[in-house]
Amino acid sequence: MPFKFIAALGQRQFRLLCRETQVVFQDPFSSHSPRLSVFQIVEEGLKVRRLAASVAGRRHLIETALVEVGLDPEAAERYPHEFSGGQRQRGAIARHSS
């Protein structure tokens, strides 16, 4: 039972686990803010985890994450409504993998 494993973790181990696991919501149509571009959506995760202090560094990580999930890096400036459901899911995965 994975929940027993998680409950038995100390605070430090739990934080490390949280860094390695993320929630990707099943509904790709309501899991992104329609007011943010894909760049901003993925960048949010980088800022929260304090990765890549510069915009250029974040842009590089975002483009790399988009390529890893099968999206064109140029898609970073597009908004969620411009993507299919599968592309939105990949954007959510990119947000959590970056």
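What comes next concerns the included structure. (Residues numbered from 1 in each chain as written. Predicted model: local features only at pLDDT ≥ 70, side-chain atom pairs only at ≥ 80, totals over all residues. Heavy atoms only, no water.)

Section: the overall build of the protein
For the protein, the helix and strand inventory stands at five helices and zero strands. In the protein, the succession of α and β elements from N to C terminus is α-α-α-α-α. Overall size of the protein, expressed as C-alpha extent along the three principal axes, is 45 × 30 × 25 Å. Per-residue burial for the protein yields a buried fraction of 27% across its 98 residues. Put simply, the protein shows about 6900 Å² of open surface, and 56% of that area lies on carbon and sulfur atoms. With 14 positive and 10 negative side-chain charges, the protein shows a spacing of 11 Å between the two charge centroids. (Helix = DSSP H or I, 4+ residues; strand = E, 2+ residues; numbered from the N terminus. Buried < 20%, exposed > 50% of the residue type's maximum accessible area, 1.4 Å probe, protein only. Areas by Shrake-Rupley, 256 points an atom, 1.4 Å probe, with all protein chains shown as cover. Lys, Arg positive; Asp, Glu negative; His and termini not counted. Charge placed at Lys NZ, Arg CZ, Asp CG, Glu CD.)

Some remarks on the side chain of Arg58
In this fold, Arg58 is placed in helix H4 (residues 55-68). Setting aside residues no more than four positions away along its own chain, Arg58 makes contact with Glu43, Leu46, Lys47, Leu51, Ala52 and Ala53. (Contact = heavy atoms within 4.5 Å.)

Regarding empty space enclosed by the protein
Enumeration over the complete set of coordinates arrives at one cavity of 30 Å³ or more. Quantified by volume, the largest cavity comes out at close to 60 Å³. Lining the largest cavity are His32, Val38, Ile41, Val42, Leu71, Pro80, Phe83, Gln87, Arg88 and Gly91. Among the elements of the structure, helix H3 (38-48) and helix H5 (85-97) are those that each provide at least two residues to the lining of the largest cavity. By residue class, the composition of the lining of the largest cavity is six nonpolar, three polar and one charged. (1 Å grid on protein atoms, 1.4 Å probe; cavity = no way out; pocket = protein on both sides within 12 Å on 5 of 7 lines; lining within 4 Å. Points joined across faces, edges and corners; volume = space filled by probe spheres on them. Nonpolar A, V, L, I, M, F, W, Y, C, P; charged D, E, K, R; others polar.)

Focus: H4
Taking 1.5 Å as the rise per residue, H4 with 14 residues should run 20 Å; its terminal C-alpha atoms sit 20 Å apart, in good agreement. Taken together, the buried positions of H4 are Arg58, Ile62, Ala65 and Leu66. Seen along its axis, H4 keeps its buried residues to an arc of 100°; they face one direction. Along H4, exposed side chains directed more than 90 degrees from the buried face belong to Ala56, His60, Val67 and Glu68. Gly70 sits one or two positions beyond H4 and adopts a positive phi of about 90°. (Expected span 1.5 Å × (residues − 1). Arc of directions from axis to C-beta.)

Some points on the packing of aromatic side chains
A full pass over the atoms with the stated rule returns zero aromatic pairs. Taking the ring centre of Phe83 as reference, the NZ or CZ of Arg78 above it sits at 4.2 Å. (Phe/Tyr/Trp six-rings, centres within 6.5 Å; stacked < 30°, edge-to-face > 60°. Lys NZ or Arg CZ within 6 Å of the ring centre and 35° of its normal.)

A short note on the packing of H3 against H5
Where H3 meets H5, the axes come as close as 8 Å, and the angle between the chain directions of the two elements is 25°. Between H3 and H5, the interaxial angle falls into the category roughly parallel. Crossing geometry of H3 relative to H5 is assigned as right-handed. Facing H3, whose interface residues are Ile41, Val42, Glu44 and Gly45, H5 presents Gly91, Ala94 and Arg95. (Axes fitted to C-alpha atoms, helices over the stretch in contact; angles between N-to-C directions. Parallel < 35°, antiparallel > 145°, perpendicular 65-115°, else oblique. Left-handed = near helix turned anticlockwise from the far one by under 90°.)

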